[in-house]
Structures are given as structure tokens and as C-alpha cells.
Amino acid sequence: MKVSISINGDKVSRDIEPRQLLVHFIRETPGLTGTHWGCDTSNCGACVVLMDGKPVKSCTTLAVMCEGHEIRTVESLEVDGQLDPVQQGFHEQHALHCGFCTPGMLMTARALLDENPDPSDLEIRTAISGAICRCTGYNNIVSAVRWAAEHEAAAKQEV
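Colleague: Please give an account of the pairing of strand β3 (residues 48-51) that cites residues and values.
Modeller: When a strand is regular, its side chains alternate between the sheet's two faces. Residue alternation in β3 divides its side chains into two sets, V48 and L50 and V49 and M51, and both sets are buried. In terms of strand pairing, β3 meets strand β4 (residues 54-57) through four bridges, oriented antiparallel. Its bridge partner being in β4, M51 is matched across the sheet by K54. If you look at the hairpin formed by β3 and β4, you'll find two residues sitting between the two strands, and D52 has a positive phi there, around 55°. Summarising the sheet, β3 and strand β5 (residues 70-72) pair through two bridges and their orientation is antiparallel.

Colleague: Got a sec to walk through the sheet that holds β5? Specific residues and values, please.
Modeller: Taken in spatial order, the five strands line up as β2-β1-β5-β3-β4 in an open sheet, and their pairing is mixed. Of all the strands in the sheet, the pair left with one neighbour each is β2 (10-15) and β4. Adjacent strand axes in the sheet meet at a mean angle of 40°, parallel and antiparallel pairs treated alike.

Colleague: Tell me what's going on with the side chain of T136, and back it up with residues and numbers.
Modeller: Within the element layout of this structure, T136 appears in the loop between α4 (121-127) and α5 (139-158). Polar contacts involving the side chain of T136 include one to the main-chain amide nitrogen of Y138, which spans 3.0 Å. If sequence neighbours within four positions are ignored, T136 has contacts with A95, L96, H97 and I141.

Colleague: Please give an account of the pairing of β2 that cites residues and values.
Modeller: Note that strand β1 (residues 2-7) and β2 share six bridges and pair antiparallel. Bridge pairing in β2 links S6 to K11.

About the criteria used
Residues numbered from 1 in each chain as written. Predicted model: local features only at pLDDT ≥ 70, side-chain atom pairs only at ≥ 80, totals over all residues. Heavy atoms only, no water. Buried < 20%, exposed > 50% of the residue type's maximum accessible area, 1.4 Å probe, protein only. Helix = DSSP H or I, 4+ residues; strand = E, 2+ residues; numbered from the N terminus. Pairing = 2+ DSSP bridges. Axes fitted to C-alpha atoms, helices over the stretch in contact; angles between N-to-C directions. Polar contact = N/O pair within 3.5 Å; in protein donor to acceptor, adjacent residues only side chain to side chain. Contact = heavy atoms within 4.5 Å.

Keep in mind that these numbers describe shape and distance, not what the molecule does.
Laid out in C-alpha cells, this is it:
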């Protein structure tokens, strides 16, 4: 079956098996390997991408379900050498260790801040509750999202 999906603004087309998962389509077709494939059960959250701005777990989403939708992966965050504030926040607040959960956490945080530019710590924790991090204990991740929210707000005030 032929499927065409917009990934990070580029239309990607390919003949696929109807049962192919979005995570595999993303990693194999355009070769974007930032989206991690972890548990295959939607428990770990490492595979989170944005579909029309909303986080979805690509390990349990069929690629054919994404035709006509805009998919954003972690590769879309950095633009022209400028890190997204969420990426910068993860760096500044030491919110990554092994890095396996990081792409999903970054995309989940980006979706949260797009919807709610000033989330509380509880709202941040609720947003990332669908992702498992075995290294950080989540405190640094919450701090990183808070850092990103504060720096985005400051940048908007400067404009």
C-alpha cells in the first residue's frame, strides 16, 4: 500500500505493509533515527512524535493512520543551528543521562509548551507521565521544561 506522510515539512512516500508502525516508517524511510524504538507497548515514551502538534506514541501508531497529517520528530526542533528552548533547557539543567528517553521527552515537552506556555510543575509532571526515564529521577527534566518556559517567555517579551 502506498502512503505519503509529511515529516518535518517534507512529504515522504513509500509502499509499505499496512501493519507498518510509524516509528519504523520514520526511521527507515527518511532515515530519521532520533525517534527511538523502545518497548513496542507504548509504556516507555521514547518514540513520541507530534502529529498535528499533539504527542503520539509512534510504536503503536500505524503509518497508514498518518496520511494527511503533519508529523514532527525530534530532528525538527533545532533550526539553523539554534536549539529549541526545550533542547537548551535539557542541556542547561542536566536533564539527560543515557539519552534514550530524551527524544520522546523533548517532543512531549514541546507539545506542552506549545499548548501551555507557563505550566506548573504538576502540569509538567503530568505531561511527561507517559514516559519512563531510568536515569534522572525526573527532577532535572521538570527543571529543564521550567527553564524552557521561562526563556521562551523572556524571548517573547524582548520582541
